[in-house]
Amino acid sequence: MIALAPLAAVGRSTLAMLGTIGSVALYAAITLGHILRPPFYIREFFSALLTIGYFSLPVVGLTTLFTGGALALQIFSGGARFNAESVVPQIVAIGIVRELGPVLTGLMVAGRVSAAIAAEIATMKVTEQLDALVTLSTNPIKYLTVPRVLAATIALPFLAAVGDIIGIMGGYLVGVTRLDFNAAVYLRNTVDFLETADVVSGLVKAAVFGFIVALMGCYHGMNSGRGAQGVGRATTNAVVSSSILILASNYLLTELFF
Amino acid sequence: MIELRDVHKAFGSNRVLRGVNLTIPGGTSMVIIGGSGTGKSVALKSILGLVKPDSGTILLDGEDVAKAERDAFLARFGMLFQGGALFDSLTVWQNVAFRLLRGSLKRPIEEARAIAVEKLRRVGLKPEVADLFPAELSGGMQKRVGLARAIAAEPEIIFFDEPTTGLDPIMAGVINELIREIVTEMGATAMTITHDMSSVRAIADHVAMLHDGVIQWTGPVADMDASGDPYLDQFIHGRAEGPIEAVR
């Protein structure tokens, strides 16, 4: 029996994980089912759009700015090994627009927004505000989840687009000031090399990441345990699960697009 | 009239309700008493559908609540939660008028605000409080706002979950009086759960004692002191010795 204990533990973990996957899938399906059915909480939607989109701009901007700069230095250094230093503008552009822009935007918003959503909803659960919503004839999923999921799905592509521009600008600043690129040539190479599909695929990825970030925040908030520990665990789980799902879905979407 | 018939509910191995039978006549105030963790809140939440009973039937005016149309059913209820359960992101008047700003009872904003201010006045709060946020209020004021929200849509049935918990004795007395006045004036059916005996005497027409998952005793509040039930006697006199184990 003792020899079987580790196997039993693996079995229990697997069953728990499968149960969670099923539960999240059901929650996503219920949320999607509510999106097109009234009532619509317009005020809550715009409030979420402001919080998720506008207030995330500084975090996303700073992250992509420094990443763009670092990317330019790395490509220059790596390219020098086979005399390909001149490809810095093109690789920075494609790297940021296809991958780093949407992924970094998703991860930063996961840290900032998913955690905040989970903490807010978990606290509402602990303080019986979710029960109060039900007694006031208001569906918590419709009132809390749907506006946040919609807002994040719409806001993330815009954030990623801003992140793309700032990230490329980071590469441009480093390229021109540190690596002696001609400013006009750097910009022309960037613009000429990028294709519409590069940009669109990145923005589609960002929309998917937005859906994931808000859904995970709401799911873990609604399913939190009791007390301060429950709120803390919900917050951690929201950030960890949304980050993992962003990276996993990024790979799947990349396979799909290219 | 609300009827609970043989209602059972367990959470894992913890059998909280073990066959609750209780009738609350329309227009009366029933107070359910019992120690902490005896299932008072679970019984109340079962009626509202916030907790699904494992078995048994709950009837509202003869209709099974599990089969009732949800929005119409909930529109008949108002509830004061133990901690107030006010929405932090909304102002006091938006909390009070929550039900009047959306759904089937939706009113124009100005009218909803006017009703909210009137309900705040009814519970002894000034109009200036309307634009504050819940975090800016004291515990007693939050309870009053919760009470104003519970009565804002003029419900037929009002539930009060531990209405005086966390309040000083004077504020508890004020809340008890307010509840009694409002229930009488609205002609509502009221169900209160508490372990505060001053609340029981101030609010109740009828009392039911929940112990070990069943209704141990029920009757008019006037009969409570002479019930002869050892469980009820121990509880209302707060004795450590008796059939109820002090350590649960």
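Just above, that's the structure.
Residues numbered from 1 in each chain as written. Chains lettered and ligands numbered in written order. Predicted model: local features only at pLDDT ≥ 70, side-chain atom pairs only at ≥ 80, totals over all residues. Heavy atoms only, no water.

Visitor: Tell me about the overall build of chain B, and name the residues and values.
Guide: Across its full length, chain B carries eight helices and ten strands. The C-alpha atoms of chain B give a radius of gyration of 18 Å, which matches the 18 Å a tight globule of 248 residues would have. Counting only C-alpha atoms, chain B reaches 55 × 40 × 35 Å along its principal axes. Looking at the 248 residues of chain B, the share that counts as buried comes to 53%. For chain B, the proportion of contacts with a sequence separation of at least 24, taken over those separated by at least 6, is 64%. Entry remark: accessible area of chain B is about 10,800 Å², with carbon and sulfur atoms responsible for 52%. (Helix = DSSP H or I, 4+ residues; strand = E, 2+ residues; numbered from the N terminus. Rg over C-alpha atoms; globule rule 2.2 N^0.38 Å. Buried < 20%, exposed > 50% of the residue type's maximum accessible area, 1.4 Å probe, protein only. Contact = heavy atoms within 4.5 Å. Areas by Shrake-Rupley, 256 points an atom, 1.4 Å probe, with all protein chains shown as cover.)

Visitor: Please give an account of the interface of chain A and chain B that cites residues and values.
Guide: Chain A puts 16 residues into the contact, and the matching count from chain B is 23 residues. Between chain A and chain B the total buried area reaches about 1,600 Å² when both faces are included, carbon and sulfur atoms providing 57% of it. Looking at the side of chain A facing chain B, the largest losses of area belong to E128(A), T135(A) and L136(A), adding up to 36% of the total buried there. Here chain A is connected to chain B by three salt bridges. For E44(A), the salt bridge is made with R102(B), and the minimal N-O distance between the two is 4.0 Å. (Buried area = accessible area lost by both parts, 1.4 Å probe. Salt bridge = Lys/Arg side-chain N within 4 Å of Asp/Glu carboxyl O.)

Visitor: Hey, could you go over the sheet that holds strand β1 (residues 2–11) of chain B for me, with residue numbers and the actual values?
Guide: Residue and element names in this part refer to chain B. Read across the open sheet, the four strands follow the order β2-β1-β4-β5; overall the sheet is antiparallel. The sheet terminates laterally at β2 (14–24) and β5 (63–64), the two strands that pair on one side only. Where strand β4 (residues 55–60) and β5 come together, two bridges link them in antiparallel fashion. Note that in β5 the partner of L60 across the bridge is E63. (Pairing = 2+ DSSP bridges.)

Visitor: Let's hear about the nonpolar core: which residues, and what values?
Guide: Formed by 79 residues in total, the largest nonpolar core has its most connected members in I52(A), L22(B) and F159(B). In this structure, F159(B) is in contact with I2(B), L44(B), I47(B), L48(B), F77(B), G78(B), M79(B), L80(B) and M191(B), ignoring residues within four places of it in sequence. If you look at the next biggest cluster of nonpolar residues, it comprises 48 residues, including L80(B), A112(B), I158(B) and I244(B). (Core = buried A, V, L, I, M, F, W, Y, C linked by side-chain atoms within 4.5 Å.)

Visitor: Got a sec to walk through the sheet that holds strand β10 (residues 214–220) of chain B? Specific residues and values, please.
Guide: All names here are of chain B. In spatial order, the strands read β6-β7-β8-β3-β9-β10; together these six strands make up an open sheet with mixed pairing. A single partner strand is all that each edge strand has here, and the edge strands are β6 (77–80) and β10. On average, each strand axis in the sheet is tilted by 15° relative to the strand beside it, whichever way the strands run. Of the strand pairs in this sheet, strand β3 (residues 29–33) and strand β8 (residues 189–194) are connected by five bridges, and their pairing is parallel. Counterpart to I33 in the pairing with β8 is T194. Along the sheet, helix α1 (residues 40–48) makes contact with β3, β6, β7 (157–161), β8 and β9 (206–211), crossing β8 at roughly 150°. Its contacts with the sheet place helix α8 (residues 230–237) against β3, β9 and β10, and it is angled at close to 100° to β9. (Axes fitted to C-alpha atoms, helices over the stretch in contact; angles between N-to-C directions.)

Visitor: Pulling in residues and values, what's your account of a nonpolar patch on the surface?
Guide: Taken together, the side chains of L50(A), Y54(A), F55(A), L57(A) and V162(A) make up a nonpolar region of the molecular surface, amounting to roughly 450 Å² of accessible area. Mapping V162(A) onto the fold places it in helix α6 (residues 140–177). (Patch = residues over 30% accessible without salt bridge, like charges linked within 9 Å, V, L, I, M, F, W, Y side chains within 5 Å.)

Visitor: Give me the lowdown on the environment of P230(B), citing residues and values where you can.
Guide: All names here are of chain B. If you trace the backbone, P230 turns up in helix α8. Take P230: its relative accessible area is 46%, and that puts it in the partly exposed class. In this structure the C-alpha to C-alpha distance between P230 and K40, which are 190 residues apart in sequence, comes to 20 Å.

Visitor: I'd like to hear about empty space enclosed by the protein, residue by residue, with values.
Guide: Throughout the structure, instances matching the rule amount to one cavity of 30 Å³ or more. Lining of the largest cavity is provided by 13 residues; of these, L136(A), G78(B), R99(B), R149(B) and A150(B) occupy positions nearest its centre. Mapped by element, the contributors of at least two residues to the lining of the largest cavity are α5 (129–135) of chain A together with β6 and α5 (139–151) of chain B. (1 Å grid on protein atoms, 1.4 Å probe; cavity = no way out; pocket = protein on both sides within 12 Å on 5 of 7 lines; lining within 4 Å. Points joined across faces, edges and corners; volume = space filled by probe spheres on them.)

Visitor: Tell me what's going on with the side chain of D229(B), and back it up with residues and numbers.
Guide: Residues and elements named next belong to chain B. Turning to its location among the elements, D229 is positioned in the loop between β10 and α8. For the buried D229, no salt bridge exists, and the shortest N-O distance to an oppositely charged side chain is 9.9 Å, to R239. A polar atom in the side chain of D229 sits 2.9 Å from the backbone nitrogen of Y231. Residues within four places of D229 in sequence aside, it is in contact with Q216 and W217. (Lys, Arg positive; Asp, Glu negative; His and termini not counted. Polar contact = N/O pair within 3.5 Å; in protein donor to acceptor, adjacent residues only side chain to side chain.)

Visitor: Now, about helix α8 (residues 196–222) of chain A: what can you tell me, with residues and values included?
Guide: With 27 residues, α8(A) should reach 39 Å at 1.5 Å per residue; the first-to-last C-alpha distance of 39 Å fits that figure. The buried count for α8(A) comes to 19 of 27 residues, which makes it a mostly enclosed element. (Expected span 1.5 Å × (residues − 1).)

Visitor: Got a sec to walk through the pairing of β8(B)? Specific residues and values, please.
Guide: When a strand is regular, its side chains alternate between the sheet's two faces. All names here are of chain B. For β8, the tally of buried residues reaches six of six residues, placing the bulk of the element in the interior. Two elements, β7 and β8, share five bridges in a ladder whose sense is parallel. In the sheet register, I157 faces β8, and the bridge partner there is T189. This β-α-β element, β7 to helix α6 (residues 169–186) to β8, shows right-handed connectivity. (Right-handed = clockwise from strand over helix to strand, strands pointing away.)

Visitor: Quick rundown of the packing of aromatic side chains? Include the residues and the values.
Guide: Counting across every chain of the model gives eleven aromatic pairs over all chains. Ring centres 6.5 Å apart and planes at 75° place the aromatic pair F76(A) and F181(A) in the edge-to-face group. Of this pair, F76(A) sits in helix α3 (residues 57–79) while F181(A) sits in the loop between α6 and α7 (183–193), and the two are 105 residues apart along the sequence. Measuring from centroid to centroid gives 5.7 Å for Y172(A) and Y186(A), while their planes differ by 75°, and the two rings are edge-to-face. Residue Y172(A) is located in helix α6, and its partner Y186(A) is located in helix α7; the two are separated by 14 residues in the primary sequence. For Y186(A), a relative accessible area of 0% puts it in the buried group. Taken together through their ring pairs, the aromatic side chains of Y41(A), Y143(A), F87(B) and F98(B) make up a single cluster. (Phe/Tyr/Trp six-rings, centres within 6.5 Å; stacked < 30°, edge-to-face > 60°.)

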